[in-house]
Structure formats: structure tokens, C-alpha cells
Amino acid sequence: MKFKKLKSMLVSSAVALSSLAAPFTAVVSPSLSANAADSDNYAKLLQYSLYFYDANMCGNEVETNSRLTWRGNCHTQDEVPGGYHDAGDHVMFGQPQGYSASTLGWAYYEFKDAFEATGQAAHYKTIADHFAKFFRDATVLNGDTVSKVLIEKGDGNTDHAYWGPPENQGDRGRMLWTSDGAANIVAEYAAALAANYVNFGNPDDLKYAKALYNFAKQHPGSYSCEFYGNKDTSDELGWAAGWLYLATKDNAYKSDVENVGTAYWVHCWENVSLGAAMLKGEITGDWSAANYLGELSGDGYKFIDAWGSARHNATAQMCALVAAKYNKGNADWAKGQMQYLTGDKAFANGQSYCLVVGYKPNASSKPHHRAASGTDTAESDGTPSKYTLVGALCGGPTDAQGKYQDLRSDYQANEVAIDYNAGFVGAAAGLYYHYKTGTVDPISAIPGVKGGASDGPAQGQTTTTSTTNNGGNNTTTTTSSRPTNTTTTTNNGSSSSSGGKVLTDSDMKVGTEKGDDGGINNFAEFKPQGAKKATLYLKVNSNDTEVSGAFGTWTGKWEQEDFKGVKVGSDKTVAIDYDIPSNVGQTVKAMVFWPHGDDVTIEKVVLDGDGSSSSSSGNTTTTRNNINNTTTTTSSKSDSSSSSGDKVLTASDMTVDTEKGDDGGINNFAEFKPQGAKSVTLYLKVNSNDTEVSGAFGTWTGKWEQEDFKGVKVGSDKTVAIDYTIPSNVGQTVKAMVFWPHGDDVTIEKVVLHTSGSGSNATTTKATTTTTRTTTKTTTTTTTTSRTTTTTSTTTTTTTQPKSTSATLVGDANCDGQIGVADAVMIMQALANPSAYGLSGSNTNHITEQGWANADCQTTPGVTNKDALAIQMYALGIVTSLPTDR
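Attention here is on the structure that accompanies the text. (Residues numbered from 1 in each chain as written. Predicted model: local features only at pLDDT ≥ 70, side-chain atom pairs only at ≥ 80, totals over all residues. Heavy atoms only, no water.)

### A word on the pattern of salt bridges
Between side chains of opposite charge, pairing is possible as soon as their charged atoms come close. Condition: Salt bridges, as used here, are contacts in which a Lys or Arg side-chain nitrogen is within 4 Å of a carboxyl oxygen on Asp or Glu. Secondary structure counts use DSSP, requiring at least four H or I residues in a row for a helix and at least two E residues in a row for a strand, with both numbered from the N terminus. Accessibility here uses a 1.4 Å probe with only protein chains present; expressed as a share of the type maximum, an area under 20% marks a residue as buried, one over 50% as exposed, and anything in between as partly exposed.
Taken as a whole and assessed by the stated rule, the structure comprises 20 salt bridges. The salt bridge involving Glu 110 is made with Lys 325; its shortest N-O contact spans 3.0 Å. With Glu 110 in helix H4 (residues 94–110) and Lys 325 in helix H13 (residues 309–325), this residue pair connects regions lying 215 residues apart in the sequence. The partner of Arg 174 in a salt bridge is Glu 152, with the nearest N and O atoms 2.7 Å apart. One end of the pair, Arg 174, is in the loop between helix H7 (156–160) and strand S4 (175–178); the other, Glu 152, is in strand S3 (residues 145–153), with 22 residues separating them in the sequence. Given a relative accessible area of 30%, Arg 174 falls into the partly exposed group. What makes Glu 152 buried here is its relative accessible area of 4%.

Structure follows, in C-alpha cells:
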């Protein structure tokens, strides 16, 4: 099976079109408010899927860490206690152990928002840390060199002869160590520890991961036993290299990643080539090795192998859902496949089965699992299980037609295992990430489950606190960050008498989601932080005179307080108060049901009452890092206005979003109007272990002019501040772009305009630029700015905008005589990737001068993202004519 090759397929044009449309699809932040039948209750599915690891936990910390009432400590006399039982038995096999831990780490890395929104992050971290502790304990180091590694505990045949709870099994005896091989196992340990470091930042995990990877490369031989094993180790080495590169950004690991071969099989314990190829795609932008993704299509049940077919199906779903994040896969395909596993879609034989134990009343109930059965033999199909093995994914159909029986004695169809649930957890998290549907069950409603640690800053993370007073408004911001601490206190005005706290972008998630009426609803989700009241401030951008919406929180059930018919003020603003209940959950969600979409803006959320803190009056102390890694400290006297004419832009002043970069990664950007300022400072927070950032500032002056920054050092507090001198011929907007790190690894914390031109009041050396990421017709100029001590090379991209072309059909950007979604796509392509699709783009389908003139379909001159949105509204019938002012 390791070498089984399947015929590759091209992703369908439908998938390609859905991927193309993705950049302007509304970004939806996670929520627990959606109601869903079990057919798409992905919050519950993720919640349940994790409990299987509580059932299979081993060692002397089970009673502390497991969330199941019926599990206790076991096998405490092992030479190295800990880890997880492999399946329905109690052996620890190294290869599926490492695979399961690393795949779970991948799921959390890709879909962290889903774990956090559903309240499962702390539960997952307990599971992940139990894995990681075992891998470290199972590795004997001499300095930074591995002496030996424990790769197996117990004997498979001996263990299988025992049918009973692990707590009563006693000493298993056999401990198998390696000192010169088993790279297929050792590299999986390395991958798991590196992934755990990426997710939670424990330096010991990275130390051991590096040592294990070096050992695996030096001893590339494989290990096989009667139950697991294979000869090829290149895929495991590539998988580990990918995680180590993400953990360190060391190019030595990147070169190993680049050597990852083509994947012809689904990601699984014996072949992680697809996972390695997908990491390669994320890191290098080259997805060609992820060949098997082309097989993930079609409506029928994806039957890959007769043994654990549901396991392979679920992992294929996970891979498709990860790929969909990067416009390389189809999330809808995965959604359809999950319906087979949850019993909501019949197999080819007309039968349907819920293969997730405990998920539904008619779900599989007799998994092949010793601890849960409560019996003394597997041949006890007529006896109900003593305990519900909550969330375990059973092996599933043994043929493509759907042959399956819920029998404890059927160790093929009703097998359960840690590698089965690894991909299943990833699929559940990915489905919640993409669709945001479902609610978790209260602990009291789940048989045999007890509570666990609450979510909070993960171990290896610290709390960053920032207290700010600008013009009398105190702000205290608390965010979670990786291992370093930073405290910034700023006071540019008098203390606030109310003690109100204005939440920043790092305090809350602001986004949109599809409402029950089909419209686009705005929302803000935030932690209450001990406050007694929250005030939601809205700005209405339409002619609507009333707003409606709700506040809600999860207290074990969804509790919601609606507001309706709230009058809009003469200044187009609205403020809605909410008394936070004493039994408030981890977050509060403020939702706006009307007006929809861009017709309303969430300007700010203010917390009041206990839990708020006032900043002290007096000086400002700010520690941060500039382009040349200069740390500055400035001070100013208390004043009722912003010092030096600085203006901190709010959400209503700018657009903060993400876009796909030329390297295939997800770039963050902030776009804003210069408002007459002479300079601007971009403040970033790095959430990864990256030590440098790169990006650019750009503006349209009749041609695209861009100034890059590269190799900017990240400060010890994980923050960066980059200054930009705004040119005198600046266009309508300035766009600040971050090319590295990608996505969630960096946060745009704020943008500050300086009308005095003094910037950050620091001596800042700008980085020398070379080439920009967008080039059509390129000219290089050298300028010296008044604020720098070195010469700055600036590369500008010239794209001539038509001056006299008049629109022939407003909205018809592709000049096909019609107005539709294809025109919106054309605009978004031209704006996001002008070198390929702009007026002088290299792609043969780039926008034409006539198309550019037609694309300007809002009453405000100039082509922007809002023109694409206007076309979508026209296509949906929301507006009846173009141009529009909406």
C-alpha cells in the first residue's frame, strides 16, 4: 500500500471557479450561535472526536488528564510510562503514535480558530502535551545527540490475548528501543514535537525534535513489525522537515522540504507523502507534489481501502479542507463525504450508518475496544458496551458498496484506533472552520465525560498587556502571544472617569457571516474580561433609520438577547448597551442583523465595570523595534489631544484583510486614506518564531509606486514598527502589505498617521529595497528621505491607467456584454495581482482599458474592491442599477 499509485485527476473547473471566487467571499469568524441539525453540527463533531484520546490515554497521569470518568492510571510500571494505546488493544506502536500526534498538530495548526471558537483548544492541548511528554521521555539524549529511542511498548500478540481494562492488565514487560534505525518512527516523533512547538511554543519540544530529526537522517533505515511498518522513510523525513522549517525558518530544513516527492496516496500512518507535499506547497508555493488532491472529487463514498475505510475517508476530507484554505481543494466535497460517516447519506447498497460512537442515538455502539466494552471477550456481540466510547470513529464499510455490521467481534469494520481519529479530528475542525455550524453539547449531557482545564493562554505562551489613554479614553489590551512578554503603557490625555475599555483588533474578532435571511451580517466576538456591561458602537452607511441585532453567549446553552428597531442618530451612529450576565461564557458575540454588509460598520466595542483598568497619568513609555532594530523610549506630557498630531486609525478609517501573495501564501494588508499626513507607522505583532518581517507600502499615482521593506528584525517583545514617508503625489489610498510572515503568524495591530512627518519619534533607518513583488514595466529610482540616514532604493511599478476611455457598459469589466460574477472576479484579479491581470498584465486575460473604464461602477471615482462588491450586489438583485453609491 505504501507504493500504491492511483491515477491522477485534474481538479474540476467547478472547484477552480470556487477557488477563484474565494478572495472576495465574506470572511466569517468562528461562532457558537448557529443552530444546526446533527448532519452539519461540526462543533459537536469536533468536541466528540477528541474524547477518544481520553479513552486511550496511558500512564500515571490518566486520572488527572483524561476527561472520562471511567478511565484510570494504567501501565505505570512501564520503563517509560505514558503515550496512548494504539487501538482497541493496549500496545504502543511508535509509527501510528507519531503519525497521530503530528496529524493532530497539523489539524490544530490549520484550524486553530475552530478549536478556540468551540471551546476545544484546552482539551486538545492536554492531549497534545501528553503525546509530547511521552516522545521526550522516550528519547535518551547525550547533549543534543540521540542515544536511543523507545519505539514500541508491549507485544502485539501477547496483548491481543488479553481482553479487559488496561488498569488491570499489569506489567507488559517488553520495551523495544532503537539506537541505529527506525527512521520511519523517529521522524514521526520529530514531526509531532515540531508541530507542538509551532502550536504552543514549548522550547523542549523543539530541542528534541531537532535531535530526533538529525538521528533519523543519520540512520535512515526503517522498522517493521507484524502489525505496522514500511521500508521507505523519505516521506516521514520530508514531513518532519516541513514542521521543523515552520518552527525555525531554517533554510536547511527548507531544502529537505523541496526534495519531497510526489504523493499518490492519501495521508495515513504508513504514508505521509501527501501531508509532506501539502506542507511543501504552503512553504514554497509549489503544490505540484500534492498530486493525490486531484483524486478528491465525486459524490460517491470515497472508498480507499477495505481496512479502516472510514479512517482513510476522514483523512482525505481533512486534506481537502486544508487545501481549500489555499484554494487548492473543495470543502464542499469533504462536507458531502462526512455525511456518509454521520449516517446522513446512504451508501451504494442503500444503507446508512452513523460510524461515530455516541454522536447520534442510532450510532455504532459496539466498537472493538477492550476498555469500553466491559466484557471479558470480544465475542460478546449480544452484550451492550459498559461505557460509551464517545467520538470514536469505527472502521466502516469493508467494500465500496457499504458493507458494514455493528459487531464488537468484527475487528475490521468496528476497529477503532488513534490514527483513525487523527484525520477525523482534522476533518471535523476543518468543516467547522469553513462552515461555522453547530453547537457543542454541555458536559452533563455526554455519558461518562467530566470537565477539564478551561481555555486560557496556552503553556509556553504569555500575556501581552497594553494600556493606552488617548484623549481621555483608557484602553487596556490583553492578548496571548508566544513566549516573550511585553507591556506598553501610553497616556496622552486624562484618565477616563468611567473606566471603560475600548477593545482593539487583538481583543476581538470582527467579521461577517451569512444570516438566516440570506443577508450578510456583521458581528464582533470578544471575551468579557470581567466587565459588567458592553456597548456596541455602529456607523450606518445607508439610508436605514433603524438597526436590529443581538448579543449572545454560550453558558452550556446559547443565551441571546435581541435588540430591534433601535433608532439611528442624526450623525448616522448608534450605541447599544448590553448587561453582561453573571454566568457569561468564555466570549460574548454582538451581532447586527440589519442593516446588512457594508451598510453598517462596527466602529468599536467598549467594556465597562469591573475588569476594566485605568491607565496612569503622565509619561508615555514605549518599547518597540524599528527597521534597524533600534529600541526607543519617548515621553510626552499629558495632553487632551493626540501628541504631535498623530492619529491612530480605527476600523472605519481603513480596510484590514488578507490576500493571496505571489508565493501562494496569505498576506496581510491594511489600506487607508492618507488624510494629509506626511508619514505613517505600521505596527505589527509577530505570533510565530520568525525573526524578520518583509513587505511594502504602495500607492496609485497614475502608476503603481511601491517601496519595499525586507529583513526587518523582530524585537524581543515580538513587535515591529515600520515607518513610511508618504510621497507628495500620493494617490487616494496607501496600502501597507506584509509579505512575511504569512496569515495568522502576524497581526496588524494598528496604523498611525503623523501630520508632522516625525513618524515614530525615532531615528529610523529604512531598509534598502530591491525588486517589488508586482512588476510590469519597472523603473528603479534612488531617493533620500529626510528621515533616514541611508539611501533608500525604491522600485516602482508603472501601469498606465486610461485617461479618456469612457464606459460602454458600467460593470462589464471583462467586456463580454454582460454584468455578472465574472466581472467581479476580473476586478479582484486586476487589483490583487496587477502584474498578471492589471492593465499591462502578462496574462492574456488581463483587464483592458475599456474593461477598466467599465469596472468603475460606484459613484466614488476609481476602481476598488467595492466595485467588485457592487457588481455582486447587482447580480444578486440587491441593487438594480449601476453605478451605485452602496
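### Considerations on a negative patch on the surface
Short version of the rule: Only residues whose relative accessible area exceeds 30% and that form no salt bridge enter a patch; like-charged residues are grouped when within 9 Å of one another, and nonpolar side chains (Val, Leu, Ile, Met, Phe, Trp, Tyr) when within 5 Å. Every accessible area reported is derived by Shrake-Rupley at a probe size of 1.4 Å, with residue values counting cover from the shown protein chains alone. Think of it this way: Lys and Arg go in the positive column, Asp and Glu in the negative one, and His and the chain ends go nowhere. Lysine's charge is taken at NZ, arginine's at CZ, aspartate's at CG and glutamate's at CD.
Among the surface-exposed residues, Glu 561, Asp 562, Asp 577 and Asp 579 lie close enough to one another that they form a single negatively charged patch. Broken down by secondary-structure element, the contributors of at least two residues to the negative patch are strand S13 (558–567) and strand S14 (573–579). With respect to the helices and strands, Asp 562 occurs in strand S13. Given a relative accessible area of 42%, Asp 562 falls into the partly exposed group.

### So, helix H14 (residues 331–341)
For the record, the criterion: Contacts are assigned to residue pairs with any non-hydrogen atoms lying within 4.5 Å of each other. Pairs of N or O atoms are called polar contacts if they sit within 3.5 Å, as long as, within protein, a hydrogen donor faces a hydrogen acceptor (for residues adjacent in sequence, only side-chain-to-side-chain pairs).
H14 sits mainly inside the fold: eight of its 11 residues count as buried. Among the residues of H14, those classed as buried are Ala 331, Trp 333, Ala 334, Gly 336, Gln 337, Met 338, Tyr 340 and Leu 341. Check the buried side of H14 and you find it contacts helix H2 (42–55), H13 and helix H16 (418–435). Two or three places before Asp 332, at the start of H14, stands the capping residue Asn 330, its side-chain oxygen 3.0 Å from that residue's backbone nitrogen. Gly 343 sits one or two positions beyond H14 and adopts a positive phi of about 80°.

### Quick look at the environment of Leu 869
The residue Leu 869 is located in helix H20 (residues 865–875) in this model. A C-alpha to C-alpha distance of 7.1 Å links Leu 869 and Ala 824, two positions 45 residues apart in sequence.

### Details of the sheet that holds strand S16 (residues 600–608)
Quick reminder of the rule: What makes two strands pair is DSSP finding at least two bridges between them.
The four strands are arranged S8-S16-S11-S14 in an open sheet whose pairing can be described as antiparallel. The open sheet has two free edges, formed respectively by strand S8 (501–502) and S14, since each of these has just one partner strand.

### Considering the pairing of strand S22 (residues 704–713)
Within a regular strand, the side chains alternate between the two sheet faces. Across the 10 residues that make up S22, a large majority, seven, are buried. With eight bridges connecting them, strand S21 (residues 692–700) and S22 associate as antiparallel partners. When the bridges of S22 are listed, Thr 699 appears paired with Glu 705. Adjacent in sequence and paired antiparallel, S21 and S22 are bridged by three residues, among which Gly 702 carries a positive phi angle near 105°.

### Quick word on the sheet that holds strand S15 (residues 588–594)
Just so we agree on the cut-off: For helices, the fitted axis covers only the stretch in contact; all axes are lines through C-alpha atoms, and the angles between them, taken along N-to-C directions, range from 0 to 180 degrees.
Strand order in the open sheet formed by five strands is S9-S10-S15-S12-S13, and the pairing between neighbours is antiparallel. Of all strands in the sheet, those with a lone pairing partner are strand S9 (508–514) and S13, marking the two edges. On average, each strand axis in the sheet is tilted by 20° relative to the strand beside it, whichever way the strands run. Across seven bridges, the pairing between S9 and strand S10 (residues 520–526) is antiparallel. Within S10, the residue paired with Met 508 across the bridge is Phe 526.

### Brief notes about the packing of aromatic side chains
Heads up, the rule is: Aromatic pairing here means that ring centres of Phe, Tyr or Trp (its six-membered ring) are within 6.5 Å. Orientation follows from the plane angle: under 30 degrees is stacked, over 60 is edge-to-face, and everything else is tilted.
For the structure shown, the criterion picks out 34 aromatic pairs. With 5.8 Å between their ring centres and 50° between their planes, Phe 551 and Phe 563 make a pair best called tilted. Highlighted residues: Phe 551 in strand S12 (residues 546–554) and Phe 563 in strand S13, separated in sequence by 12 residues. Per residue, the accessibility class of Phe 551 equals that of Phe 563, and both read buried. Between Phe 551 and Tyr 578, the aromatic rings sit 4.5 Å apart at their centres with planes inclined by 5°, giving stacked as the arrangement. Placement of Phe 551 in strand S12 and of Tyr 578 in strand S14 is noted, with a sequence separation of 27 residues between them. What makes Phe 551 buried here is its relative accessible area of 2%. By relative accessible area, Tyr 578 is classed as buried at 4%. Members of the aromatic cluster, joined through ring pairs, are Phe 52, Tyr 53, Tyr 84, Phe 131, Phe 134, Phe 135 and Tyr 189.

### Digging into the nonpolar core
Test applied: Think of a nonpolar core as a cluster: buried Ala, Val, Leu, Ile, Met, Phe, Trp, Tyr and Cys residues, connected wherever their side-chain atoms sit within 4.5 Å.
By size, the foremost hydrophobic cluster in this structure holds 148 residues, and its most contacted members are Tyr 53, Trp 106, Phe 115, Trp 243, Met 278, Leu 293 and Leu 389. Sorting elements by how many residues they give to this core places helix H8 (residues 183–200) first, with 14 residues. Residues contacting Leu 293, with those up to four places away along its chain left out, are Leu 274, Met 278, Trp 287, Cys 319, Ala 323 and Lys 328. Grouped together as the second largest cluster of nonpolar side chains are 25 residues, Leu 682, Val 714, Val 720 and Ala 736 included.

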